[in-house]
Structures are given as C-alpha cells and as structure tokens.
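Structural characterization, general
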Amino acid sequence: MTSLCASFQSLNIKHGSKSVGSMRSSIVGAPVSLSTSRPSHVCSATFFQVNAKQNSLKRQRVAEKNRLYNRSRKSEITTRSKKVFVEIDTLVKSSASDAKAFDGAEDLISEAFSAIDKAVLKGILHKNTGARRKSKLCRYKTRALTDLCLYTPASA
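By convention here, each chain's residues receive numbers from 1 onward along its written sequence. The predicted origin of the model limits local features to residues at a pLDDT of at least 70 and limits the giving and counting of side-chain atom pairs to 80 or more, whereas totals for whole chains, interfaces and linings rest on all residues. No hydrogens and no water enter the side-chain calculation; it runs on all heavy atoms of the structure.

Quick word on the pattern of salt bridges
Counted only if it meets this: In the sections that follow, a salt bridge refers to a side-chain nitrogen of Lys or Arg positioned within 4 Å of a carboxyl oxygen of Asp or Glu. Numbering goes from the N terminus for both helices and strands, where a helix is a DSSP run of H or I of at least four residues and a strand is a run of E of at least two. Partly exposed residues are those whose accessible area sits between 20% and 50% of the maximum for their type, while under 20% is buried and over 50% is exposed, using a 1.4 Å probe and protein chains only.
A full pass over the atoms with the stated rule returns six salt bridges. Here Arg 80 and Glu 111 are joined by a salt bridge, their closest N and O atoms 3.0 Å apart. Residue Arg 80 is located in helix α2 (residues 52-93), and its partner Glu 111 is located in helix α3 (residues 103-122); the two are separated by 31 residues in the primary sequence. Here Arg 80 falls in the partly exposed class, since its relative accessible area comes to 27%. Connected through salt bridges with shared partners, the residues Arg 73, Glu 76, Arg 80 and Glu 111 form a single ionic network.

Topic: the nonpolar core
For clarity, the cut-off: For the purposes of this section, nonpolar cores are sets of buried Ala, Val, Leu, Ile, Met, Phe, Trp, Tyr and Cys residues that join through side-chain atoms within 4.5 Å. Contacts are assigned to residue pairs with any non-hydrogen atoms lying within 4.5 Å of each other.
Ranked by internal contacts, the top residues of the largest apolar core, which has 19 residues, are Ile 77, Val 84, Ile 88, Phe 102 and Leu 137. Within the residue set of this core, elements represented by two or more residues are α2, α3 and α4 (127-147). The biggest single contributor to this core is α3, with six residues. Those residues within four positions of Leu 137 in sequence are excluded, and the remaining contacts are Ser 81, Val 84, Phe 85, Ile 109, Ala 112, Phe 113 and Ile 116.

Section: the packing of aromatic side chains
For clarity, the cut-off: Pairing of aromatic rings covers Phe, Tyr and Trp, the last through its six-membered ring, and needs centres within 6.5 Å; plane angles under 30 degrees mean stacked, over 60 mean edge-to-face, and all others mean tilted. Two conditions define a charge located above a ring, namely a distance within 6 Å from the ring centre to NZ of Lys or CZ of Arg, and an angle within 35 degrees of the ring normal.
In this structure the tally under the stated criterion is one aromatic pair. Their ring planes at 65 degrees and their centres at 4.7 Å tell us that Phe 85 and Tyr 140 sit as a pair that is edge-to-face. Separated by 55 residues along the polypeptide, Phe 85 in helix α2 and Tyr 140 in helix α4 bring together distant segments of the chain. The ring of Phe 113 has Lys 134 lying over it, and the distance from NZ or CZ to the ring centre is 5.4 Å.

Let's talk about α4
For clarity, the cut-off: The length a helix should cover is 1.5 Å for every residue beyond the first. Each C-beta atom gives one direction from the helix axis, and the arc is the one those directions make.
Between its first and last C-alpha, α4 extends 30 Å over 21 residues, near the 30 Å set by a 1.5 Å rise per residue. Buried within α4 are the following residues: Thr 129, Gly 130, Leu 137, Lys 141, Ala 144 and Leu 145. Seen from one end, α4 has its buried residues packed into an arc of 165 degrees, which puts them on one side. Turned more than 90 degrees off the buried face of α4, the exposed positions are Lys 127, Arg 132 and Asp 147. Buried positions along α4 lie against α2 and α3. Where α4 terminates, the next one or two residues include Cys 149, which has phi positive at roughly 60 degrees.

As for unusual backbone geometry
Of note in the backbone geometry, Ser 95 takes a positive phi value of approximately 55 degrees without being a glycine. With respect to the element layout, Ser 95 can be found in the loop between α2 and α3. The phi angle at Cys 149 is positive, at roughly 60 degrees, despite the residue not being glycine. With respect to the helices and strands, Cys 149 occurs in the segment after α4.

Side note on α3
Think of an α-helix as 3.6 residues a turn; residues three or four steps apart then line up on the same face. Relative to the 28 Å expected for 20 residues at 1.5 Å per residue, α3 spans 29 Å between its end C-alpha atoms, a close match to the ideal helical length. Taken as a whole, α3 has its buried residues at Ala 105, Ile 109, Ala 112, Ala 115, Ile 116 and Ala 119. In a view along the axis of α3, the buried residues occupy a sector of 125 degrees, so they form one face of it. In α3, the exposed positions angled more than 90 degrees off the buried face are occupied by Asp 107, Leu 121 and Lys 122. At the exit of α3 stands Gly 123, carrying a positive phi of roughly 85 degrees.

What follows is the structure, given as structure tokens:
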C-alpha cells in the first residue's frame, strides 16, 4: 500500500476544484491517512468529477431525434386509422350489398394493425394503447356491418 501511495505522490496533482492539464474534469482531493505500520505515511486521495454538460447535451440530441422518430410513427398510425374510417364511411354511404365490399377496408385495417404492432414493439405506444386502437378499428367495422345487416353478432 505504501508503494502505491509513493507512486501517486510523484504525480503533479493540484488539490481543490481546479482542472489538471488537458483533462476536462475537475479533481477534488483531501489528504487521507492510511493505517500502516508507520503512521508518517499520508496519501492523498483524488476523486474525479464527471463534467455533466457534455452528457446532457448528447441526451438532448438523442431525445430530439427519438421524439421526431416517434412522432412520425404516431402520425403514420393516425393516418392509417383515418383511411380505414373514411373507407368504411364510404361503404356505409354507398350501402354496400355484401361483405365482399369490405375487402378493401380489411386490407387497410391490416396495414393499420401492422403499424400499431410495430409501434408497440418499439415502445412508442403502450401495449394497452395499441390494443385499444386496434379494438376501435374492429368495432367500427363491426358496427358498419351490423348497420348494413351484413353481420349479426352471436348472442351470448
């Protein structure tokens, strides 16, 4: 232990909050007495303080990039859901005569489901939010089919 202290004593380290050389961190040190066979040995302990300014700036850059990515994913989900609602509304207004007319809406629902599932998988949406949005799409289609008398729900 004394040899370790002796090797560090040869270093030219300033105590206090002044920075050393080209390091970007500050050194705070206080002399610490070591319990050795000879009490005359004193080693100074130094603690490095990380400069949090750079870390916070990087976190801001990463957070902004993630925010834009997440916003585009959410926008995609909203756009695909609106397309489903508009398609089903046009089918209801045109009084579709059979369930085959809803095949186009089924394709759009499938695309919306895929976008929602990807967002849930990436952590952009909570899983319950994704389930709620998928359920909303299915309920809208089922209600339209029921209104057109093309689907009769099974009685419980």
